[in-house]
Amino acid sequence: MVSLVLEPRRDDKRWTAVRSSAPAFVLPSGWQVDPDGTARASLRCAGTRGGTAKVTATAKAPDVAGAPDVAFTLDVSVVPYPREG
């Protein structure tokens with residue numbers, strides 16, 4: 001498991017969500033935004049299968065209508081450990 005910590009933004013936007021393009025390989029969980037604007041999530045990786053995923057975090061200004069924009073992208077490669085035996 002890996003922790004993702006996003007620092008508070010310096011513009012008027014706020015972190016809104018984190019998503020994985022391939023939840024079978026990388027699954028975000030425990031999403032939270034602290035009162036100071038820091039956002040946190042845990043990334044759990046499948047240990048039995050290999051693959052890739054793009055983990056994206058979105059942000060938007062709270063008083064503006066519309067969908068949030070992707071503000072951060074993390075490319076993740078999952079490589080399974082070799083099995084003994």
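Residues numbered from 1 in each chain as written. Predicted model: local features only at pLDDT ≥ 70, side-chain atom pairs only at ≥ 80, totals over all residues. Heavy atoms only, no water.

Visitor: Describe the overall build of the chain, listing the residues and the values that go with them.
Guide: Tallying secondary structure elements over the chain gives zero helices and six strands in all. Tracing the chain from N to C terminus, the helices and strands come up as β-β-β-β-β-β. The globule rule puts the C-alpha radius of gyration for 85 residues at 12 Å, and the 15 Å found for the chain is more than 25% above it. Referenced to the eigenvectors of the C-alpha coordinate spread, the extents of the chain come out at roughly 55 × 25 × 15 Å. Put simply, the chain has 85 residues, and 32% of those count as buried. Taking the average place of the 11 positive charges on the side chains of the chain and the average place of its 9 negative ones, the gap between the two points comes to 6 Å. (Helix = DSSP H or I, 4+ residues; strand = E, 2+ residues; numbered from the N terminus. Rg over C-alpha atoms; globule rule 2.2 N^0.38 Å. Buried < 20%, exposed > 50% of the residue type's maximum accessible area, 1.4 Å probe, protein only. Lys, Arg positive; Asp, Glu negative; His and termini not counted. Charge placed at Lys NZ, Arg CZ, Asp CG, Glu CD.)

Visitor: Go over the side chain of serine 20 with me, naming the residues and quoting the values.
Guide: Looking at where serine 20 falls in the secondary structure, it is placed in strand E2 (residues 14–20). Within the structure, the side chain of serine 20 is placed 2.7 Å from the backbone oxygen of valine 26, a separation counted as a polar contact. Apart from residues no more than four positions distant in its own chain, serine 20 is found in contact with Val26, Pro28, Ala53, Lys54 and Val55. (Polar contact = N/O pair within 3.5 Å; in protein donor to acceptor, adjacent residues only side chain to side chain. Contact = heavy atoms within 4.5 Å.)

Visitor: Describe the pattern of salt bridges, with residues and values.
Guide: Within the structure shown, the criterion is met by four salt bridges. For the salt bridge of lysine 13 with aspartate 69, the shortest nitrogen-to-oxygen distance reads 3.4 Å. With lysine 13 in the loop between strand E1 (2–6) and E2 and aspartate 69 in strand E6 (residues 69–78), the pair connects residues that are 56 residues apart, well separated along the chain. Taking the shortest distance from any N to any O, the salt bridge between aspartate 34 and arginine 40 comes out at 3.0 Å. (Salt bridge = Lys/Arg side-chain N within 4 Å of Asp/Glu carboxyl O.)

Visitor: Which residues make up the packing of aromatic side chains, and what are the values?
Guide: One pass over the full model with this rule turns up zero aromatic pairs. Positioned over the ring face of tryptophan 15 is arginine 9, at 5.1 Å from the centre of the ring. (Phe/Tyr/Trp six-rings, centres within 6.5 Å; stacked < 30°, edge-to-face > 60°. Lys NZ or Arg CZ within 6 Å of the ring centre and 35° of its normal.)

Visitor: Would you mind going over the sheet that holds E1 in detail, with residue names and values included?
Guide: Taken together, three strands build an open sheet; the order of strands is E1-E4-E3 and the sheet is antiparallel. Every other strand in the sheet has two partners, leaving E1 and strand E3 (26–33) as the edge strands with one partner each. Along the sheet, successive strands turn relative to each other by an average axial angle of 20 degrees, direction set aside. (Pairing = 2+ DSSP bridges. Axes fitted to C-alpha atoms, helices over the stretch in contact; angles between N-to-C directions.)

Visitor: Residues and numbers for the sheet that holds E6, please.
Guide: Strand pairing within a sheet occurs via backbone hydrogen bonds; the two strands may be parallel or antiparallel. On the basis of which strands lie adjacent, the open sheet formed by three strands has the order E2-E5-E6 and antiparallel pairing. Each edge of the open sheet carries a strand with a single partner, namely E2 and E6. Strand-to-strand twist across the sheet, computed as the mean angle between neighbouring axes with direction ignored, equals 20 degrees. Judged from the six bridges that link them, E2 and strand E5 (residues 51–60) form a sheet pairing that is antiparallel. Directly across from arginine 14, in E5, lies its bridge partner lysine 60.

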